[in-house]
Amino acid sequence: MAYRWSASLKERDVTDEHLFINRRNLLSGLSGVGLSVLMAEPAFSKTLEPNAWEDITEYNNYYEFGTGKEDPAKFAKRLTTKPWSVKIDGLVDRPGFYAFEDILSKMQIEERIYRFRCVEAWSMVVPWNGFELADLLDLAGVQSNARFVAFETLYRPSEMRGQNTRVLDWPYVEGLRMDEAMHPLTMMATGIYGRDIPNQNGAPLRLVVPWKYGFKSIKSIVKITLMERQPPTSWNKANAREYGFYSNVNPEVDHPRWSQASERKLGGGLFAKREPTMKFNGYENEVSMLYKGMNLRKHF
Ligand SMILES: Nc1nc2c(c(=O)[nH]1)N[C@H]1C(S)=C(S)[C@@H](COP(=O)(O)O)O[C@H]1N2
Ligand SMILES: [Mo]
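Quick notes on the rules
Residues numbered from 1 in each chain as written. Chains lettered and ligands numbered in written order. Predicted model: local features only at pLDDT ≥ 70, side-chain atom pairs only at ≥ 80, totals over all residues. Heavy atoms only, no water. Buried < 20%, exposed > 50% of the residue type's maximum accessible area, 1.4 Å probe, protein only. Helix = DSSP H or I, 4+ residues; strand = E, 2+ residues; numbered from the N terminus. Pairing = 2+ DSSP bridges. Phe/Tyr/Trp six-rings, centres within 6.5 Å; stacked < 30°, edge-to-face > 60°. Lys NZ or Arg CZ within 6 Å of the ring centre and 35° of its normal. Axes fitted to C-alpha atoms, helices over the stretch in contact; angles between N-to-C directions. pLDDT = per-residue confidence, 0-100. Contact = heavy atoms within 4.5 Å.

What about the pairing of strand β3 (residues 110-117)?
A regular strand carries its side chains on alternate faces of the sheet. Across the 8 residues that make up β3, a large majority, 7, are buried. Bridging between β3 and strand β4 (residues 122-132) involves 8 bridges; their strand directions are antiparallel. Within the sheet, the bridge partner assigned to Ile113 lies in β4 and is Pro127.

Here it is as structure tokens:
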């Protein structure tokens, strides 16, 4: 528990439109483990109207299955996700292979409705099911000198046709700073709309970091490593000028090739109006303290 993130979440922070809290749980303890029962209830706000199942599962980025938005839905079906285990290693007390079924049985599955903002300036709202990354890391026991978390996607070219091309350096890798990883908004998703997460969305478990651009939310994770040094990340390796380590959603810092000031929500049709993008994707109250004093233009 020692490394669990604990901000002084105020009720006005957690009851705003972005994160609906189960009040009973909120009152039962904002300290320590109490944060793991932050619950997202069905959102009422227009801006958090969940997208349709089809929007969420038929328009994807998952380069292991091709670079087209329709490729993952077409080609991810043949991916075998049973059995599955996650290797947790590095600076942990209990390194080893954690079977997916065992992880599930130990985690408290909740539903959280999050806005999801892709770096390509589209967004959607997804009712995820899953658990906090912090709870998974607690299973392994994070050591005090760990400062970063590295993630790795499955490498299996026989089932992932895109891995036979060199469009990215495989396996796909991502990383978070320790406090980002322990933040209660950071989750491991195992479902959408109460159903198992489809292969194209990252079965059987993928990261969701709602205040960062979509590519940070790495899919089909097989390895998590706690480390002292900042780990490499796939998009930063592919193009360091365009993709930094932090990749926080920020309308004030444009991508070198396009504006990040606005976005189009999926499913609105051809004439959908663009909406202004919000700092930290609308989760500013919850996460801005993590970046206090940092120059976000430099650390983009
Ligand atoms: N392993 C892996 N994870 C990945 C990607 C990928 O190509 N491979 N694409 C990322 C990008 S760019 C986005 S926008 C999101 C898309 O998630 P979704 O298809 O569930 O909407 O997944 C991210 N996670
Ligand atoms: Mo993306």
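Observations concerning the packing of aromatic side chains
Here the structure, examined in full by the defined rule, presents 12 aromatic pairs. Lying across the ring of Phe75, Arg161 places its NZ or CZ 3.7 Å from the centre. The ring of Trp53 has Arg195 lying over it, and the distance from NZ or CZ to the ring centre is 4.0 Å.

As for the sheet that holds strand β5 (residues 148-153)
Backbone hydrogen bonds hold the strands of a sheet together, and the pairing may be parallel or antiparallel. Strands sit in the order β2-β1-β10-β5-β6 across an open sheet of 5 strands; the sheet is mixed. At either end of the open sheet lies a strand with only one pairing partner, and these are β2 (96-99) and β6 (173-177). Ignoring which end each strand starts from, the neighbouring axes of this sheet average 20 degrees apart. In this sheet, strand β10 (residues 221-227) lies alongside β5 in antiparallel orientation, the contact comprising 6 bridges.

Section: the confidence of the model for the protein chain
With 84% of its residues at a pLDDT of 70 or more, the protein chain has an overall mean of 88. pLDDT under 50 marks residues 1-46. Its contacts with residues more than four places away, or in other chains, come to 87 contacts.

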